Amino acid sequence: MSGDASSHAGSRLYPALPLLAVSVCVFRGAQALLATRTRPPFEGAFSLPGGLVEAGETLEAAALRELLEEVGVEARVLGFNRHVESIDRDEGGGVRRHFVIASFVAEWIAGEGTPGLEAGEVAWAAPEALDAMTLTPMTAEVVRAAAALAPRLRVG
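Going along each chain's sequence as written, the residues are numbered from 1 onward. Selection of residues for local features in this predicted model requires a pLDDT of at least 70, selection of side-chain atom pairs for listing and counting requires 80 or more, and totals for whole chains, interfaces and linings are taken over all residues. The basis for the side-chain values is all heavy atoms of the structure; hydrogens and waters are excluded.

(A) Geometry of the pairing of strand β6 (residues 95–110). Only strands joined by at least two bridges in the DSSP assignment are considered to pair. Going along the chain from the N terminus, every DSSP run of H or I of four or more residues is numbered as a helix, and every run of E of two or more is numbered as a strand. Note: strand β1 (residues 19–28) against β6, nine bridges, orientation parallel. Along β6, the bridge assignment pairs Leu 19 with Phe 99. Inspection of the sheet shows strand β5 (residues 74–89) paired to β6 by 14 bridges, in the antiparallel sense. Within β6, the residue paired with Gly 79 across the bridge is Val 105. Connecting β5 to the antiparallel partner β6 that follows it, the hairpin turn spans five residues, and Gly 93 within it adopts a positive phi of roughly 90°.

Shown next, in the form of structure tokens:
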């Protein structure tokens, strides 16, 4: 496939610039919310809910919007966790996909998590159970970092 960005206008493929995205690691007790992806890349693998930031939207607002849209869960953002860079190159070395993902840690407020168009199976899993799951790259590291950070961010 050609790396010609004009042939992919309006697509997430072959972007002219990196795309800004968010994800959120929501904890209900000691378990984190994960959902399987329903589209490539990594279709069928568990990941954190998230998506692209819309113009005029704060990163936190985008994370909470994506969480509600994708799995029907409400949460309170506790703080920023870390960023993840996802760069996928084609056989010729062209940048097929490039996302910079700001990942947040949050605590659950409401909703069990329901599958939808962008989220297949939904699971609440303890960080130590992640090794037995099929995950997108960096998900285990992000969840474990969020688990270490969450107790320090909780108030009361």
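(B) Examining the pattern of salt bridges more closely. Put simply, a salt bridge is a Lys or Arg side-chain nitrogen that is within 4 Å of an Asp or Glu carboxyl oxygen. Evaluated as defined, the whole model comprises eleven salt bridges. The residue Arg 96 makes a salt bridge to Glu 91 at a minimum N-O spacing of 3.6 Å. Any residue under 20% of the maximum accessible area for its type is buried, any over 50% is exposed, and the rest in between are partly exposed; the area is computed with a 1.4 Å probe on protein chains only. Relative accessible area serves as the criterion here: at 72%, Glu 91 is assigned to the exposed category. The network of salt bridges with common partners includes Glu 54, Glu 57, Arg 65, Glu 66 and Glu 69.

(C) Spotlight on helix α1 (residues 59–71). Multiply 1.5 Å by the residue count of a helix minus one, and that product is the helix's expected span. Over its 13 residues, α1 runs 18 Å from end to end, which matches the ideal 18 Å to within 8%, given 1.5 Å per residue. Residues of α1 that are buried make contact with β1, β2 (31–37), β4 (50–52), β5, β6 and β7 (119–125). Note on α1: the residue one or two positions beyond its end, Gly 72, has a positive phi of about 70°. Whether two residues are in contact is decided by their heavy atoms: any pair within 4.5 Å suffices.

(D) Inspection of the pairing of β7 at higher detail. Buried residues dominate β7, accounting for five of its seven residues. The pairing of β2 with β7 spans five bridges and is antiparallel. Bridge pairing in β7 places Ala 35 opposite Val 122.

(E) Representation of the environment of Pro 40. With respect to the helices and strands, Pro 40 occurs in the loop between β2 and β3 (46–47). Taking the C-alpha atoms as reference points, Pro 40 and Ser 11, 29 residues apart in sequence, are found 13 Å from one another.

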